[in-house]
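Coordinates in review
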Amino acid sequence: MSTKPTESSAFRVVVVGAGIAGLTASHCLQKAGIDHIVLERRLEIDPPEGAGIAIYPHGARFLQQIGRLDAAKAECNPCSHFKSLWPDGKLLIDIPYFDNIKNNNDGQDVLVFERRRYLRLLYDWLPDKSRIRMGTAVKDVKQTAHGVEVLLSDGSSEKGDLVLGCDGAYSRIRSLMWDHADTISPGRISSGDRTVMKTKWRCLVGVGPPELSLGRSDMVATHNQRFSFLTLTQPDFTCWLAVFRLDKPLTWPQRATYTAREAEELAASIADCPVSDSLVFGQLWDKRDRGTLIPVEEGVLKHWFSGRIVLAGDSAHKITPNIGLGGNLATESIMVLCNHISRMMEEQKGTKPSQLTLERHLGAYQKDQRNRAWRIMKFAGLISSIQAWDTPFTKFLATWVLPSLPDCSIALALGLIIKTAPTLEVGKTTSRVDTKQYMIKPVIKSYFGTAHAFKTLGMFVAILLPFYLCGYLDIHM
């Protein structure tokens, strides 16, 4: 790895949003010695929102690179088993899913945090917290050929050379990026790109006390017809989701909003539905520390930048939560972008890049990460559909194919995503392993080690077909 560049005011990034993507960006930019400021409209760094976040081995690489992996491990119990249940709470699948992921990824556990706790840790671990400016909402962004000025709600402004929008699924920066693109190149952002974010699901999401009947550090998915439950447990808390398929998807700029009363009514309608063989959802809801009803968007934009505005995280790519990859995807996109910014600054040798140079590197970031984000979105959507028995085909996968597989099969499928993830490599090309080699060898090994032909057939159907549907095999096989 090349020598870390020295801090310089020659190039400055204005990051908007201090969620997981924005705080990760500050870590990466500080590590690379790149000047920046992070703007957050909220007054709290860790608002009481959301449920949990799973950090898979490729997300843990980021924690290792900033020197905080051991501290993160001390915060939680490693995940162990995955259980899949019938609608009546009876067991369908019980496999050491997380142990298999660990064994296939250099011994790295999957770590689970309450989301607000993970935000607090990311903030506390920052080398320089003065980079974070709270309570400042963005009103507008002015772009010139030589820089940007971000106008704020308190009448002040922040100047820089690049605006990084990490402000979520309803991104203000994304709208301003589109406005800029319409001005300089009418028609570049198509109506299809503007409407790619679709809301197909809604979700009751919450956190409560530990539930020993669900395990100390397990993931439990309970199937139902067009909805499902998902719980993640730790010794000191349980986070849970109840994910419902909408009858009619919503397309941007349509936006679903729900009241507390609507959340209560929906929770009451499924209160008697089993989450396990000894627990119904009403018990989780009644004991909740917090719970709310939210829309679940999914989609990946075609254009991630225009001029001096670039997007990362949910503002560029949004996926469903059932497999727990959203935070990891945001983290890796930030790392890829910071790799390109750092490489650009090394090439500039301390001078400011021209807008043409900047756009060339932003285009490389988009090219590196957009197709990967799309495939992960499709994979996550498939998992959501399987858990909710959304179609006859996904119900067949859930109830016939997946239960017949060797224990390692689902972890093997995730391994393709984990093993091909980028790392933070300041000044170096992002490296990913040969996905064909990784995928075929364990499948062949399992083929010869499996006695029952149906299990072998099931493995190929369950692993190869979903990845074909999600667009992986047309490139990697």
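The following refers to the structure shown.

Reading the values: the criteria
Residues numbered from 1 in each chain as written. Predicted model: local features only at pLDDT ≥ 70, side-chain atom pairs only at ≥ 80, totals over all residues. Heavy atoms only, no water. Pairing = 2+ DSSP bridges. Helix = DSSP H or I, 4+ residues; strand = E, 2+ residues; numbered from the N terminus. Axes fitted to C-alpha atoms, helices over the stretch in contact; angles between N-to-C directions. Patch = residues over 30% accessible without salt bridge, like charges linked within 9 Å, V, L, I, M, F, W, Y side chains within 5 Å. Areas by Shrake-Rupley, 256 points an atom, 1.4 Å probe, with all protein chains shown as cover. Salt bridge = Lys/Arg side-chain N within 4 Å of Asp/Glu carboxyl O. Buried < 20%, exposed > 50% of the residue type's maximum accessible area, 1.4 Å probe, protein only. Parallel < 35°, antiparallel > 145°, perpendicular 65-115°, else oblique. Contact = heavy atoms within 4.5 Å. Nonpolar A, V, L, I, M, F, W, Y, C, P; charged D, E, K, R; others polar. Phe/Tyr/Trp six-rings, centres within 6.5 Å; stacked < 30°, edge-to-face > 60°. Left-handed = near helix turned anticlockwise from the far one by under 90°. Arc of directions from axis to C-beta. Expected span 1.5 Å × (residues − 1). Core = buried A, V, L, I, M, F, W, Y, C linked by side-chain atoms within 4.5 Å.

**Let's talk about the sheet that holds strand β10 (residues 157-160)**
Spatially, 3 strands are ordered β8-β9-β10 in an open sheet, and the strand pairing comes out antiparallel. For this open sheet the edge positions go to β8 (138-143) and β10, each flanked by a neighbour on one side alone. Neighbour-to-neighbour, the strand axes of the sheet open up by a mean angle of 15°, direction not taken into account. One ladder, built from 4 bridges, connects strand β9 (residues 148-152) with β10; its direction is antiparallel. Counted as the bridge partner of leucine 151 is serine 157 from β10.

**Quick look at a nonpolar patch on the surface**
Taken together, the side chains of Phe393, Phe396 and Trp400 define a hydrophobic patch exposed on the protein surface, amounting to about 340 Å² of accessible area. Note that phenylalanine 396 resides in helix α12 (residues 392-401). Of the residues examined, phenylalanine 396 reaches a relative accessible area of 41% and is grouped as partly exposed.

**Considerations on the packing of helix α11 (residues 355-387) against α12**
Packed helices, taken two at a time, are described by the angle between their axes plus the distance between the axes. In contact at an axis separation of 8 Å, α11 and α12 are set at 75° when each is read in the N-to-C sense. Accordingly, the angle class assigned to the pair α11 and α12 is roughly perpendicular. Contacts from Leu382, Ser385 and Ile386 of α11 reach α12 at Thr394, Leu397 and Ala398. When the residues that make up the contact of α11 with α12 are grouped by side-chain class, the tally is 4 nonpolar, 2 polar and no charged.

**Structural notes on the packing of aromatic side chains**
Under the definition given, this model contains 12 aromatic pairs. Here tyrosine 97 and phenylalanine 98 contribute two aromatic rings whose centre-to-centre distance is 4.6 Å and whose plane-to-plane angle is 70°, an arrangement assigned as edge-to-face. Aromatic pair phenylalanine 227 and phenylalanine 229: ring centres 5.6 Å apart, planes at 85°, arrangement edge-to-face. Site record: aromatic cluster; members linked through ring pairs are Phe227, Phe229, Trp240, Phe244, Phe281 and Trp285.

**Some details on the packing of helix α1 (residues 20-32) against helix α10 (residues 326-348)**
For the pair α1 and α10, interaxial distance at closest approach is 9 Å and the crossing angle is 30°. Taken together, α1 and α10 sit at an angle that is classed as roughly parallel. The two elements α1 and α10 meet at a crossing, and its hand is right-handed. Contacts between α1 and α10 pair Ile20, Ala21, Thr24, Ala25, Cys28, Leu29 and Ala32 from the former with Gly327, Ala330, Thr331, Ile334, Met335, Cys338 and Ser342 from the latter. Within the contact of α1 with α10, the residues separate by chemical class into 10 nonpolar, 4 polar and no charged.

**Let's talk about unusual backbone geometry**
A cis amide bond links tryptophan 252 with the next residue in sequence, proline 253, at an omega value of 10°. Along the polypeptide, proline 253 turns up in the loop between β15 (237-251) and α8 (260-269). In this structure, arginine 226 takes a positive phi of about 70° despite not being glycine. Residue placement: arginine 226 occurs in the loop between β13 (219-223) and β14 (227-234). Given the relative accessible area of 30%, arginine 226 is considered partly exposed. For tryptophan 389, which is not glycine, the phi torsion reads 45° and is therefore positive. Inspection of the secondary structure puts tryptophan 389 in the loop between α11 and α12. On the basis of relative accessibility, which here comes to 5%, the residue tryptophan 389 falls in the buried class.

**Let's talk about the pattern of salt bridges**
Going through the model one piece at a time under the given rule, you end up with 25 salt bridges. One salt bridge connects arginine 12 with glutamate 158, and the closest N-O pair in it is separated by 3.0 Å. A residue pair is termed long-range when its members are at least 10 positions apart, and arginine 12 in strand β1 (residues 8-16) and glutamate 158 in strand β10 qualify at 146 residues. Overall, glutamate 158 belongs to the buried group, its relative accessible area being 13%. A salt bridge links arginine 42 to glutamate 49, with the shortest nitrogen-to-oxygen separation between them at 3.2 Å.

**Examining α8**
Buried residues of α8: Ala263, Leu266 and Ala267, and no others. For α8, the angular spread of the buried residues around the axis is 100°, confining them to a single face. Set apart from the buried face of α8 by more than 90 degrees, the exposed residues are Arg261, Ala268 and Ser269. Check the buried side of α8 and you find it contacts β12 (198-208), β15, α9 (281-286) and β18 (290-300).

**Digging into α1**
The end-to-end C-alpha distance of α1, which contains 13 residues, comes to 18 Å, matching closely the 18 Å that a straight helix rising 1.5 Å per residue would cover. Counting buried residues along α1, 12 of its 13 residues qualify, which places the element largely inside the surrounding structure. Buried within α1 we find Ile20, Ala21, Gly22, Leu23, Thr24, Ala25, Ser26, His27, Cys28, Leu29, Gln30 and Ala32. At the exit of α1 stands glycine 33, carrying a positive phi of roughly 75°.

**Comments concerning the side chain of histidine 58**
Take histidine 58: it is sitting in helix α2 (residues 57-65). Its relative accessible area of 3% is what places histidine 58 among the buried residues. Dropping the residues within four chain positions of it, histidine 58 is found in contact with Leu325, Asn328, Glu332, Arg372, Ile417, Ile418 and Ala421.

**Some details on the nonpolar core**
Ranked by size, the top nonpolar core spans 124 residues in total, and within it Tyr56, Tyr97 and Leu164 carry the most contacts. The leading source of residues in this core is α11, at 11 residues. Not counting residues up to four positions away in its chain, the partners in contact with leucine 164 are Val13, Val14, Val15, Val16, Ala25, Val310, Leu311, Ala312, Ile334 and Leu337.

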